[in-house]
Protein chains: 2
Amino acid sequence: MAKLEKRDEIVRAALELIAENGFHGAPMAMIAEKAGVGAGTIYRYFENKDVLINELYRDLEQRIYTVLMEGYSPEKPVRERFIHIGTAILRYCIANPLDFRYLEQFHNSPYGVVHRRDRILGETGEKDIYLELFKEGLARHVVKELPMVVLFALAFGPLITVARDHILGFVVLDEALIGEIITACWDGVKR
Amino acid sequence: MAKLEKRDEIVRAALELIAENGFHGAPMAMIAEKAGVGAGTIYRYFENKDVLINELYRDLEQRIYTVLMEGYSPEKPVRERFIHIGTAILRYCIANPLDFRYLEQFHNSPYGVVHRRDRILGETGEKDIYLELFKEGLARHVVKELPMVVLFALAFGPLITVARDHILGFVVLDEALIGEIITACWDGVKR
DNA sequence: TGTACAGGAATGAATATTCATTCTTATAAT
DNA sequence: ATTATAAGAATGAATATTCATTCCTGTACA
């Protein structure tokens, strides 16, 4: 197995175990076994478990940001851009359920809290796109006059909930339903 | 200290520690110390940590259900009832941040997943009230024709997000803002 | 009334387990 | 042959749980 492949296997195994069982259901020994490497080997690629967890997070964030930005044009009207992003997020979560579960685990853990505090007002990632979008929406008077955080919650909250329900099998999201959901979110946000 | 008081102290200590530091930041020894009892004493009241965690969850769920139902009248129009519940939930989360944090921890852990699977379609608690409400809303054609789970997500998702942001200090929810948020949620759900 | 005693409750030190990390040994590459 | 890499057994810290002992509290008896 090549060096990069090995690192990749470790990351993949960690992602899967943590996404499915949480940080506690993913001991290093188990990650090693799933990755098909020795326990000690992991430490040749990652200084310790924390580093592994955080690097994995950054990888994911970066990957998602790229996907969201695919085909995004800042010239289009606010409503259209809103729908673009929302749709992209939902599609991504459905296509990559493990990624989504991992992010959830991360955000609801001490790691995630530290992460938030790090950038109270210097956000990046999804939040960033939305913020920029809402700023313009406010200026043009097309969205409700509410604090940014609230607009974000109105747009993003339902997506998280619905993505989780899809992954747990409580609902099946097809393209039609995704469209209706995003439109409904827009109804909540628009003026 | 009376017997019930003691049980109560244990529960309170567990709630606080878990809400603030997660399940892992709350070893039994620490819970015992905070509760002012011996480590072994906890096991006189709860068979093991899992049982403690689950009983605590049920307690909370019950308590919240009661609060939500205060002043709820099934005769009022759907919109009014929707606003009643939403407002009550937000007020509760703000007044009892520890409870809210605990519930979040629980839901985002193996406990929560087991819990969900237990009652795939026999939900209780908040979800129950909303379901009944939406059923009527659908019959009367006042809410969008979407699956129950999706309607629930549209109504509930933003509340969770916004409650978390309030607790973390990213926004201050006063009565006026709460009103605006619930109305916005209704905009997303209504036909 | 005061004293001995029993039964239950509480305690916390001792134990068993789980896990991240390290270290020694084996293997492969140059 | 030397060096880098991998493996997985060994280590030690952290933790849930157990259990022998102590401490209460209420009751019976003198």
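Residues numbered from 1 in each chain as written. Chains lettered and ligands numbered in written order. Predicted model: local features only at pLDDT ≥ 70, side-chain atom pairs only at ≥ 80, totals over all residues. Heavy atoms only, no water.

(A) Highlighting the protein's contact with DNA strand D. Not every one of the 15 residues close to DNA strand D is listed here, only the nearest: Gly38 and Thr41 of chain A together with Met28, Tyr43 and Lys49 of chain B. Within 4 Å of the protein, atoms of DNA strand D come from sugar and phosphate in 72% of cases. Taking Gly38 of chain A, its main chain carries an N or O atom lying 2.9 Å from a phosphate oxygen of DNA strand D. Interatomic distance of 2.9 Å between a side-chain N/O atom of Tyr43 of chain B and a phosphate oxygen of DNA strand D. Of all the secondary structure elements, the ones that give two or more residues to the surface near DNA strand D are helix H1 (3–21) and helix H3 (42–45) of chain A. Its residues assigned to classes, the surface near DNA strand D shows 6 nonpolar, 5 polar and 4 charged. (Near = heavy atom within 4 Å. Polar contact = N/O pair within 3.5 Å; in protein donor to acceptor, adjacent residues only side chain to side chain. Helix = DSSP H or I, 4+ residues; strand = E, 2+ residues; numbered from the N terminus. Nonpolar A, V, L, I, M, F, W, Y, C, P; charged D, E, K, R; others polar.)

(B) Representation of empty space enclosed by the protein within the structure. Under the counting rule described, the total for this entry stands at 4 cavities of 30 Å³ or more. The calculated volume of the second largest cavity comes to roughly 60 Å³. Looking at the lining of the second largest cavity, the elements that each hand over two or more residues are helix H9 (148–167) and helix H10 (175–189) of chain A together with helix H9 (148–167) and helix H10 (175–189) of chain B. Looking at the lining of the second largest cavity element by element, the count peaks at 4 residues for H10 of chain A. Here the residues of the lining of the second largest cavity sort into 9 nonpolar, 2 polar and no charged. (1 Å grid on protein atoms, 1.4 Å probe; cavity = no way out; pocket = protein on both sides within 12 Å on 5 of 7 lines; lining within 4 Å. Points joined across faces, edges and corners; volume = space filled by probe spheres on them.)

(C) Representation of the environment of Glu61 of chain A. For Glu61 of chain A, the position within the fold is in helix H4 (residues 49–69). Measuring from C-alpha to C-alpha, the distance between Glu61 of chain A and Leu103 of chain A comes to 8.6 Å, with 42 residues separating the pair along the chain.

(D) Structural detail: helix H2 (residues 28–35) of chain B. Residues and elements named next belong to chain B. Looking at H2, one finds that the buried residues are Met28, Ile31, Ala32 and Ala35. For H2, the angular spread of the buried residues around the axis is 100°, confining them to a single face. With respect to the buried face of H2, the exposed residues turned more than 90 degrees away are Ala29 and Glu33. Looking one or two residues past H2, Gly36 carries a phi angle of roughly 75°, positive in sign. (Buried < 20%, exposed > 50% of the residue type's maximum accessible area, 1.4 Å probe, protein only. Arc of directions from axis to C-beta.)

(E) Spotlight on the confidence of the model for chain A. Confidence in the prediction for chain A averages 92 pLDDT; 92% of positions are at 70 or higher. The secondary-structure element of chain A with the lowest mean pLDDT is helix H7 (residues 110–118) of chain A, recorded at 72, while H10 of chain A shows the highest, at 98. (pLDDT = per-residue confidence, 0-100.)

(F) Representation of the interface of chain A and chain B within the structure. Between chain A and chain B, the residue contacts involve 35 residues of the former and 35 residues of the latter. Around 3,100 Å² of area is buried between chain A and chain B when both sides are counted, 67% of it from carbon and sulfur atoms. The tally of links from chain A across to chain B stands at 2 salt bridges. Residues Asp187 of chain B and Lys144 of chain A are paired through a salt bridge, measuring 2.9 Å at the closest nitrogen-oxygen approach. Those elements giving two or more residues to the side of chain A that touches chain B turn out to be helix H6 (97–107), H7, H9 and H10 of chain A. Ranked by residues supplied to the side of chain A that touches chain B, first place goes to H9 of chain A with 10 residues. (Contact = heavy atoms within 4.5 Å. Buried area = accessible area lost by both parts, 1.4 Å probe. Salt bridge = Lys/Arg side-chain N within 4 Å of Asp/Glu carboxyl O.)

(G) Seen up close, the protein's contact with DNA strand C. In the vicinity of DNA strand C there are 16 residues, among which Pro27, Met28 and Lys49 of chain A together with Gly38 and Thr41 of chain B approach most closely. The sugar-phosphate share of atoms of DNA strand C within 4 Å of the protein amounts to 69%. At a separation of 2.8 Å, a phosphate oxygen of DNA strand C approaches a polar backbone atom of Gly38 of chain B.

(H) Focus on the nonpolar core. With 133 residues, the main nonpolar core has Tyr102 and Tyr130 of chain A together with Tyr102 and Tyr130 of chain B as its most contacted residues. Of all the elements, H9 of chain B adds the most residues to this core, at 12 residues. (Core = buried A, V, L, I, M, F, W, Y, C linked by side-chain atoms within 4.5 Å.)

(I) Here's a closer look at the relation of the copies chain A and chain B. For the pair chain A and chain B, the relating rotation is 179°, the translation along its axis is 0.1 Å, and the fit reaches an RMSD of 0.3 Å. Between the two chains, the operation in question is that of a two-fold axis. (Least-squares fit on C-alpha atoms with pLDDT ≥ 70 in both.)

(J) Spatial organisation of the domain arrangement of chain A. Residues and elements named next belong to chain A. Entries for chain A in the domain assignment read domain 1 (1–46) and domain 2 (62–189). Across the contact, 7 residues belong to domain 1 and 8 residues belong to domain 2. Summed over both partners, the interface of domain 1 with domain 2 comes to about 690 Å²; 79% of that surface belongs to carbon and sulfur atoms. Three residues stand out in domain 1 for area buried against domain 2, namely Leu15, Ala19 and Phe23, and they jointly supply 72% of the buried area on that side. The interface formed by domain 1 and domain 2 includes 0 salt bridges. Split by residue class, the side of domain 1 that touches domain 2 holds 4 nonpolar, 1 polar and 2 charged. (Domains from an automatic or database assignment.)

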